[in-house]
Structures are given as structure tokens and as C-alpha cells.
Amino acid sequence: MNEQLGPGTRVRWFIRRRGERMQMTGTVIAFVPAGHSALAYAPKGTPEHFLKAKNMAKVDRYLVEVRPSFNVWLYYCPRASQIEIDE
């Protein structure tokens, strides 16, 4: 993906969980350039354990908000090359 996605864009990507391929969907919060802290782009007051990714990485990523249950938001940081726009 060559263009940078803006906040509010719905995206999807795949992860492996317990040996199975699983599709994740969520909403872009921010673009996180390589070498930058993902937690620095999370909403103010977000506990570090809500970030389901390494804080620092050598690749460009997106901070994506995912709502797996009613009152909880989790934040994933897939590589920019992994995500697709979810239409």
C-alpha cells in the first residue's frame, strides 16, 4: 500500500493465533513511522497492556483500534504492508 491511510479508515489484516489464520478488523488511529513508539500515538491514558504489539519496530505500522468486547478497546499495530481497506 503506497498511500498513507488517515484516522477513521476501517482496515483488516490477518494474524496467526494458536496455529490458525484469523482476520482482524478495526479503525486506524494513527500512522506509526518506523522507529517510533506506538504507545505515543495511542489515546491519552491508554494503559500499556491494552497495546497488543511491540512498542517499537523497524517498519512502518498503523495503530488500529479493535473492539473485541462490549466495553474494551484494544490497540494493535500491524505493519503497513499487511493491512487492506475494509469495505
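The structure contained in this document is the topic of the report that follows. (Residues numbered from 1 in each chain as written. Predicted model: local features only at pLDDT ≥ 70, side-chain atom pairs only at ≥ 80, totals over all residues. Heavy atoms only, no water.)

**A word on the pattern of salt bridges**
Stage number 1. In this structure the tally under the stated criterion is two salt bridges.
Stage number 2. For Glu84, the salt bridge identified is with Arg12, shortest N-O distance 3.1 Å. Of this pair, Glu84 sits in strand β5 (residues 84-85) while Arg12 sits in strand β1 (residues 10-17); the two residues are 72 residues apart in sequence, bridging distant segments of the chain.
Stage number 3. A relative accessible area of 39% places Glu84 in the partly exposed class.
Stage number 4. A salt bridge links Arg12 to Asp86; its shortest N-O distance comes to 3.0 Å. Taken together, the residues span a long stretch of sequence, with Arg12 in strand β1 and Asp86 in the segment after β5 at a distance of 74 residues.
Stage number 5. Using a relative accessible area of 24% as the deciding quantity, one classes Asp86 as partly exposed.
Stage number 6. What you see here is one network of salt bridges that share partners, running through Arg12, Glu84 and Asp86. (Salt bridge = Lys/Arg side-chain N within 4 Å of Asp/Glu carboxyl O. Helix = DSSP H or I, 4+ residues; strand = E, 2+ residues; numbered from the N terminus. Buried < 20%, exposed > 50% of the residue type's maximum accessible area, 1.4 Å probe, protein only.)

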